[in-house]
Amino acid sequence: MKRFLAILHARNLEFIRDRAALSWGLIFPTALMMGFALLFSNGAQERYKVGVAGELNHPFLQSQYIKFIPVEDLEKAIIKVERHQLDLLIASEQLRYWVNSSSPAGYITEQLLKASGGKRLTANEVSGKEIRYIDWLIPGVLGMNMMFSALFGVGFVIVRYRKNGVLKRLRGTPLSATEFLMAQIFSRLLLIIFVSVIVYIGCDLILDFSMYGSYINLFLVFTIGSLAMISLGLLIASRLKSDELAAGLTNAISIPMMLLSEVWFSLEGSPQWILFISNLLPLTHVVDASRAIMLDGAGIIDVGHHILTMLIMMLVFLFVGVKMFRWE
Amino acid sequence: MTSILEVNSPSKNYQTTVAVDNVSFNIKKGQCFGMLGPNGAGKTTAIEIMEGITQPTSGKVLYKGKALGQLFRTQCGIQFQHTALQEFLTVRETLRLFAGLYPESSDLTTLIKRCNLESFLDSDNRKLSGGQRQRMLLAIALINNPEIVFLDEPTTGLDPQARHNFWDLIKDILSQGTTIILTTHYMEEAAELCDEIIIMDHGRIIAHGAPTELLQQHFSEHIVRIPENEFSIAQIKELQQLHPNLNKNTQLQHSLYQKDSWIEISTTDVNQIMKYLLNEGVDLSFLQIRQHNLEDLFLELTGRELRV
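Residues numbered from 1 in each chain as written. Chains lettered and ligands numbered in written order. Predicted model: local features only at pLDDT ≥ 70, side-chain atom pairs only at ≥ 80, totals over all residues. Heavy atoms only, no water.

1. Description of the interface of chain B and chain A
To keep it simple, the criterion reads: Note on contacts: a residue pair qualifies if any of its non-hydrogen atoms lie within 4.5 Å across the two residues. Once two parts are brought into contact, the accessible area they lose, counted with a 1.4 Å probe and summed over both, makes up the buried area. What makes a salt bridge here is a side-chain nitrogen of Lys or Arg within 4 Å of a carboxyl oxygen of Asp or Glu, nothing more. Polar contacts here mean pairs of N or O atoms no more than 3.5 Å apart (in protein, one a potential hydrogen donor and the other a potential acceptor; neighbouring residues in sequence count only if both atoms are side-chain atoms). Helix numbers and strand numbers start at the N terminus; a helix is a DSSP run of H or I with at least 4 residues, a strand a run of E with at least 2.
Contacts between the two partners involve 27 residues from chain B, matched on the other side by 23 residues from chain A. The contact between chain B and chain A buries some 2,300 Å² in all, and 58% of this surface belongs to carbon and sulfur atoms. When residues of chain B are sorted by the area they lose upon contact with chain A, B:Gln86, B:Phe88 and B:Leu101 head the list and together hold 27% of the total. Counting across the interface, chain B meets chain A through two salt bridges. Across the pair A:Lys168 and B:Glu48 runs a salt bridge, and its minimum N-O distance is 2.5 Å. Taken together, the connections running from chain B to chain A amount to eight residue pairs in polar contact (both at pLDDT 80 or more). The set of elements that each furnish at least two residues to the side of chain B that touches chain A consists of helix 2 (70–75), strand 7 (76–79), helix 3 (91–99) and helix 5 (130–141) of chain B.

This is the structure in C-alpha cells:
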C-alpha cells in the first residue's frame, strides 16, 4: 500500500504540473461543446412532426408540411412530446392529443389541428424542456474525452516510461508490476473524474443542458467506463517500447471507437455488423448508459447491462494487460 | 570474508551476439568490485544480470546464497548508466517517491547532506547539472540503506572536480561496510576505488584480481618517457632497430612506442636506458619515469584498435 501510494502521489504531481496537458484536457472538450452549441443554435426544424397512435381518420392528416409518424408505444411517445422530439401526439382510440405548452411548434400544430375541422379531440398539456442536439451530444463528448484521456494518458505514458528507462529504474526496487499499474489506473481515474466534473459544470453553466437522471448513477457509469477504458490503454501499453507504434495503435483504436460509439451521430438503422462492432467498444456502453440516464432519466437497473458489460471488459483488459506487462 | 554475491557462469545471448559468455566470480562483503572493459565488452549486460534486471540465457546469480528475489530487491541499490526519472518532480519529491517504495528508508536529512544535495533540493530533476544528477541518482541508490550497491559508469561525463567529489562519496559509503560493484572506463577510478577488478572483453573475463596484483603479474617494467622532439629521426630509427635489446650484450628487455608526441620506453632496467640515452646525447630535462598503470594493462589486454 505504501508503494502504491508513493507512485500514485508522484504520478498525480506529474499530471498537475504538466500544465499544457492538463489545460488541453479541460479546454478541448469545452471548446468543442461550445462550437457545436453555436453551430446548431439556428438549426430550425424543417417540418413539423406529429405522432399518431392507432388508425386515425381525420382531415388533419391531409395537412401539408407535417410529417406524420406512426407510434406504437404511447408512453414513450408522450416523453418525446415532453422533450420536443414530437410537436404533437394523437391517440386515435382515446380521441386525445398531447401538446407541450412550452413548444412553439406544438402551438402551431395544435392550431392547425383545431382549424382542420373533423372530430374534436381532447387536449392534454405536458411540459418539459426541448432536447437539443447539444443535450444529446454532451454524454458523447464527455465519454469521448474520457476515452482519449484514458488511452493516451495511460498507454502513452507507460510506453514513454518504458522507452526512457523510468520503468527500468522502478524495476530495481521492490515495487511489483501490479502495484505500479494500479497506481497508474487510479491516478488517471482521479484525473478523468476531475476533468469531467469541471467540463460538465462549465458546460452546464453556459449551455444549461438536460439532466433527468441521478447524478450518482451518472458518476457510477462514468467511473466504471473510465476504468474499462484505462484498462484498455494499459493493455495496449503492456509491451510496446516504441511510442510511434503506440501512437498508431492508440489512434487505430480510438478513432473508430469515436465514430462507432454514437458520440456524434446515432447508428440507428445501420447494418447489423456495424452495430455488433459498436457493442464491442467500451465507449458505446458509456455513451449509451449516460445518455439514457441524462436524457431519459434511466435508473441503475435500466442501464445494468451496460454496467455489467463494462465491468467484464475492464476485468478482461486488466487481466490480460497485467499478464502481458513487461518492464522492458 | 564471505561472499555476498555469487555469479555462477551466467551467459546472455542476443540473437546473433553473445553479450556475456559464461562469467564466474564471487563478490565479497564490503569490497569495491570493479568491472572494466572497452565499449561493447558486455559490462552493462553483466552488471544488469547481477542486478536481476536482465535474465541470463543460462547460469545464475545468488545473493546471500539465494536466488535474486524480494530480499535482494529491498537490500540492493542501483544506479543505472542511463536513468530517466518521473517528470515534473523536484529532487526532494523524487527522493520521497523512492523512499516510499522500500519498507525502510534511510533518514533523508542525513542522506541529503551526505550526497551534497542541499543546494538543489527543490529544483526540477530535469534541470540538474551532470554532477548534481549523478549525486541525486546515487542518493536514490542509497535510499534504502542498501547492503550492496551497483554503479554503472557513475562518473562518465563528469568534470574532474565532480569526479573526485563522487569518489569521496563512494569511499564514504565503502567505509560504512557497504559492498559496491562498479563499472567504469576510467582506469584511474578503478585504481583509486577498487579492491578487486575484472577486465572484460567480448563478453568474457580476460583478467581478474586486485589491481596491484594484476599489475605485478603483467608488468615488471618501468616506463621512461621523453618528449619526441628531443630525438633526431635517426635516433628514433636506431632505437627501433635496437629492438628488442638495446645492447646486444645484455638481455635487457625493452619495448618502445610513440604516444602523443612522447617516446615511451618500457624497460626492466632503468639504469641501462639512462646510460644509453646519455651516451646518445639526448636531453633528459623533460624525462619522466613512471610505473605501469591499469590503463597500460587494459590496453595490453584489449589491444589498441578503436572499438565501434
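Back to the text.
2. A look at the side chain of B:Gln134
Residue and element names in this part refer to chain B. For clarity, the threshold we go by: Here's how the labels work: a residue is buried when its accessible area is under 20% of the maximum for its type, exposed when over 50%, partly exposed in between, all with a 1.4 Å probe on protein chains only.
With respect to the secondary-structure elements, Gln-134 resides in helix 5. The exposure class of Gln-134 is buried, given its relative accessible area of 12%. In this structure Gln-134 touches Gln-79, Glu-153, Pro-154, Thr-155, Leu-158 and Phe-166, once residues within four positions along its chain are discounted.

3. Side note on a nonpolar patch on the surface
Residues and elements named next belong to chain A. To keep things clear, this is the line we draw: Residues enter patches when their relative accessible area tops 30% and they take part in no salt bridge; the joining distance is 9 Å for like charges and 5 Å for the nonpolar side chains Val, Leu, Ile, Met, Phe, Trp and Tyr. Computed with the Shrake-Rupley method and a 1.4 Å probe, the accessible areas treat only the protein chains shown as cover for residues.
Together, Leu-308, Ile-312, Val-316, Phe-319, Val-320 and Met-324 make up a nonpolar patch on the protein surface, roughly 540 Å² of accessible area in all. By the element assignment, Met-324 lies in helix 12 (residues 304–324). A relative accessible area of 31% places Met-324 in the partly exposed class.

4. As for the packing of helix 8 (residues 215–237) of chain A against helix 12 of chain A
All names here are of chain A. Short version of the rule: Note on method: axes are straight lines fitted to C-alpha atoms, helices fitted across the in-contact stretch only, with angles between N-to-C directions ranging 0 to 180 degrees. Roughly parallel covers angles under 35 degrees, roughly antiparallel covers those over 145, roughly perpendicular covers 65 to 115, and oblique covers all other angles. Should the near helix be turned counterclockwise from the far one by less than a right angle, the crossing is left-handed, whereas a clockwise turn marks it as right-handed. As a working rule, the residues Ala, Val, Leu, Ile, Met, Phe, Trp, Tyr, Cys and Pro are called nonpolar, Asp, Glu, Lys and Arg charged, and the rest polar, with Gly in that last group.
Packing of helix 8 against helix 12 leaves a shortest axis separation of 8 Å and a crossing angle of 25°. In terms of orientation, helix 8 lies roughly parallel with respect to helix 12. Crossing of helix 8 over helix 12 shows left-handed handedness. Across from Leu-220, Val-221, Ile-224, Gly-225, Leu-227, Ala-228, Ser-231, Leu-232, Leu-234 and Leu-235 in helix 8, the residues of helix 12 making contact are Ile-307, Met-310, Leu-311, Met-314, Phe-317, Leu-318, Val-320 and Gly-321. Here the contact of helix 8 with helix 12 is built from residues that sort into 15 nonpolar, three polar and no charged.

5. Remarks on a positive patch on the surface
Using the following cut-off: When charges are tallied, Lys and Arg are placed among the positive residues and Asp and Glu among the negative ones, while His and the ends of the chain are skipped. The atoms used to mark charge sites are NZ of Lys, CZ of Arg, CG of Asp and CD of Glu.
Together, A:Arg47, A:Lys49, A:Lys67, A:Lys76 and A:Lys80 make up a region of like positive charge exposed at the surface. Within the fold, A:Lys49 resides in strand 1 (residues 48–53).

6. Focus on empty space enclosed by the protein
To keep things clear, this is the line we draw: Both site types are read off a 1 Å grid over the protein atoms alone. A 1.4 Å probe that fits but cannot get out defines a cavity, while an open set with protein on both sides within 12 Å along at least five of seven lines defines a pocket; lining residues have an atom within 4 Å of a point. Grid points are joined across faces, edges and corners, and a volume is the space filled by probe spheres set on the points.
Evaluation of the coordinates by the stated rule reveals one cavity of 30 Å³ or more. There is about 30 Å³ of room inside the largest cavity. Grouping the amino acids of the lining of the largest cavity by side-chain chemistry returns five nonpolar, one polar and one charged.

7. Re the environment of B:Gly203
Residue and element names in this part refer to chain B. Of note, Gly-203 is situated in the loop between strand 10 (196–201) and strand 11 (204–209). The class of Gly-203 is buried, set by a relative accessible area of 0%. If near-sequence neighbours (up to four positions away) are discounted, Gly-203 is found in contact with Ala-19, Val-20, Asp-21, Val-23 and Ala-41.

8. Considering the side chain of B:Thr179
Counting through the fold element by element, B:Thr179 comes out in strand 9 (residues 179–184). Here the side chain of B:Thr179 touches B:Gly30 through a polar contact of 2.8 Å, landing on its backbone nitrogen.

9. Describing the sheet that holds strand 3 (residues 88–91) of chain A
Residue and element names in this part refer to chain A. Filter applied, for reference: Each pair of strands is called paired provided DSSP finds at least two bridges between the two strands.
Pairing is mixed across the open sheet formed by five strands, whose spatial order is 2-1-3-4-5. Pairing within the sheet leaves two strands with one partner each, and these edge strands are strand 2 (66–71) and strand 5 (122–126). Strand-to-strand twist in this sheet, taken as the mean axis angle between neighbours without regard to direction, amounts to 25°. Inspection of the sheet shows strand 4 (residues 96–100) paired to strand 5 by five bridges, in the parallel sense. Along strand 5, the bridge assignment pairs Trp-98 with Asn-124. Across the sheet, helix 4 (residues 104–115) is in contact with strand 1, strand 2, strand 3, strand 4 and strand 5; its angle to strand 4 comes to roughly 150°.

10. Regarding the packing of aromatic side chains
Filter applied, for reference: Centres within 6.5 Å make a pair out of two Phe, Tyr or Trp rings, where for Trp the six-membered ring is used; the pair is then stacked when the planes are under 30 degrees apart, edge-to-face when over 60, and tilted otherwise.
Evaluation of the coordinates by the stated rule reveals 13 aromatic pairs over all chains. A ring pair is formed by A:Tyr161 and A:Phe180, whose centres lie 6.4 Å apart and whose planes are at 50°; its orientation type is tilted. Here the residue A:Tyr161 occupies a position in helix 5 (residues 133–164), and A:Phe180 occupies one in helix 7 (residues 177–207), the gap between them amounting to 19 residues. Taken as a pair, A:Tyr161 and A:Phe180 share a single burial class, namely buried. Both rings, one in B:Phe72 and one in B:Phe150, keep their centres 6.0 Å apart while their planes meet at 70°; by these two values the pair is edge-to-face.

11. Focus: the nonpolar core
Soluble globular proteins: nonpolar side chains tend toward being buried together. The condition that has to hold: Among the buried residues, those of types Ala, Val, Leu, Ile, Met, Phe, Trp, Tyr and Cys that are joined through side-chain atoms within 4.5 Å form a nonpolar core.
Among the nonpolar cores identified, the biggest contains 130 residues, and A:Ile158, A:Leu170, A:Phe180, B:Leu95 and B:Ile180 are the most heavily contacted of them. For this core, the element with the highest residue contribution is helix 5 of chain A, accounting for 15 residues. Apart from residues lying up to four places away in sequence, A:Phe180 is in contact with A:Ile7, A:Ile158, A:Tyr161, A:Leu167, A:Leu170, A:Leu175, A:Phe325 and A:Trp327. By size, the runner-up hydrophobic cluster in this structure holds 26 residues, among which are B:Ile4, B:Phe25, B:Ala41 and B:Ile78.

12. Overview of the pattern of salt bridges
Residues and elements named next belong to chain B. On inspection of all chains with the given rule, the structure shows 17 salt bridges over all chains. Glu-196 is paired through a salt bridge with Lys-28; the nearest N and O atoms lie 3.3 Å apart. Here the residue Glu-196 occupies a position in strand 10, and Lys-28 occupies one in strand 3 (residues 25–28), the gap between them amounting to 168 residues. The exposure class of Glu-196 is buried, given its relative accessible area of 10%. Across the pair Glu-264 and Arg-290 runs a salt bridge, and its minimum N-O distance is 4.0 Å.

13. Digging into the layout of surface pockets
Residues and elements named next belong to chain A. There is about 630 Å³ of room inside the second largest pocket. If you trace the second largest pocket, you find 26 residues lining it, with Ala-21, Ser-149, Phe-152, Gly-153 and Arg-188 closest to the centre. Broken down by secondary-structure element, the contributors of at least two residues to the lining of the second largest pocket are helix 1 (2–17), helix 2 (19–40), helix 5 and helix 7.

Such coordinate-based values are descriptive only and should not be taken to indicate function.
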